[in-house]
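What the coordinates show
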Amino acid sequence: MYKRGCKMHPLCLLLYTYIQENIDKRCTIQRILEYKCKEEVWALIDELLTLQSLAEFPVLVLLVGMITQITKRFIDWILLKFFDIIFMPTEIISYVVSLLLLLSISYASGSLTDRTTQELFAVILLDLINALVIAMAANKGYERITDKETLISKIQKKK
């Protein structure tokens, strides 16, 4: 169980708070860990990641942050192995992740099918812009904008 003095990653704390607020009070984290309320937890997870909830801003920010944290080391390894890039800024990775999520949501909701070229261009342009906003929110956006060092200067190639 979470104690007030413990440090917890902000994304985990957000998810923990969401679970605590939405699960029946009798179903504590200890009982979840003991698999005594698994049906209730699975019902909550099914509600958490529907296509409608996935298109909401806080859920997208949470997912982009989590996916970026999980895949960052693997992506860095691939970039080093094939492109001799030692370090790729997290902001770029989170932008690519948020763009992929938004394009997937647009495709799943039918926004990319049976459209004219102009409508398709508008949907993709909006996804590109929204991906910037989501990636910035997932990476402490204001601090990244006011940083004196640019993203391009942070990319380090192997010498």
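Right above here is the structure, for reference.
1. Some points on the overall build of the protein chain
- Of the regular secondary structure elements, the protein chain holds nine helices and two strands.
- Of the regular secondary structure in the protein chain, the N- to C-terminal order runs α-α-α-α-α-β-α-α-α-α-β.
- A buried classification covers 28% of the 159 residues belonging to the protein chain.
- When the accessible surface of the protein chain is totalled, it reaches about 11,700 Å², and 64% of it is carbon and sulfur.

2. Looking at the pattern of salt bridges
- On inspection of all chains with the given rule, the structure shows one salt bridge.
- Lys72 is the partner of Asp76 in a salt bridge, and the nearest nitrogen-oxygen pair spans 2.8 Å. Pair noted here: Asp76 and Lys72 are both in helix α5 (residues 57-83), with a separation of four residues, about one helical turn. Assigned by exposure class, Asp76 and Lys72 land together as buried.

3. Things to note about the packing of helix α6 (residues 90-108) against helix α7 (residues 117-138)
- In the contact formed by α6 and α7, the axes pass within 8 Å of each other and the chain directions differ by 140°. Here α6 lies oblique to α7, going by the angle between them. Seen from above, α6 lies across α7 with right-handed handedness. For the pair α6 and α7, contact is made by Ser94, Tyr95, Ser98, Leu99, Leu102, Leu103 and Ser106 and by Val123, Ile124, Asp127, Leu128, Asn130, Ala131, Leu132, Ile134 and Ala135, respectively.
- Its residues placed into classes, the contact of α6 with α7 shows 11 nonpolar, four polar and one charged.

4. Considerations on the packing of aromatic side chains
- This model, assessed by the stated rule, comprises one aromatic pair.
- Summarising the aromatic geometry, the rings of Phe74 and Trp77 are spaced 6.2 Å apart at their centres and angled 25° between planes, so their arrangement reads as stacked. Here Phe74 pairs with Trp77, and both are found in helix α5, just three residues apart, close to one helical turn.

5. Focus on the nonpolar core
- Counting residues in each nonpolar core, the largest one holds 16 residues, and the members touching the most others are Leu60, Val64, Met88, Val97, Leu101, Leu102 and Ile134.
- Contributions of two or more residues to this core are made by α5, α6 and α7.
- Not counting residues up to four positions away in its chain, the partners in contact with Leu102 are Leu60, Asp127, Asn130, Ala131 and Ile134.

6. Section: the packing of α5 against α7
- At a closest axis distance of 9 Å, the pairing of α5 and α7 adopts a crossing angle of 65°. Where α5 crosses over α7, the handedness of that crossing is right-handed. Of the residues in α7, those touching α5 at Phe57, Leu60, Val61, Val64 and Gly65 are Val133, Ile134, Ala137 and Ala138.
- Looking at side-chain class alone, the contact of α5 with α7 contains eight nonpolar, one polar and no charged residues.

Thresholds, definitions, all that
- Residues numbered from 1 in each chain as written.
- Predicted model: local features only at pLDDT ≥ 70, side-chain atom pairs only at ≥ 80, totals over all residues.
- Heavy atoms only, no water.
- Helix = DSSP H or I, 4+ residues; strand = E, 2+ residues; numbered from the N terminus.
- Buried < 20%, exposed > 50% of the residue type's maximum accessible area, 1.4 Å probe, protein only.
- Areas by Shrake-Rupley, 256 points an atom, 1.4 Å probe, with all protein chains shown as cover.
- Salt bridge = Lys/Arg side-chain N within 4 Å of Asp/Glu carboxyl O.
- Axes fitted to C-alpha atoms, helices over the stretch in contact; angles between N-to-C directions.
- Parallel < 35°, antiparallel > 145°, perpendicular 65-115°, else oblique.
- Left-handed = near helix turned anticlockwise from the far one by under 90°.
- Contact = heavy atoms within 4.5 Å.
- Nonpolar A, V, L, I, M, F, W, Y, C, P; charged D, E, K, R; others polar.
- Phe/Tyr/Trp six-rings, centres within 6.5 Å; stacked < 30°, edge-to-face > 60°.
- Core = buried A, V, L, I, M, F, W, Y, C linked by side-chain atoms within 4.5 Å.

It is worth stressing that arrangement in space is one thing and function is another; only the former is reported here.
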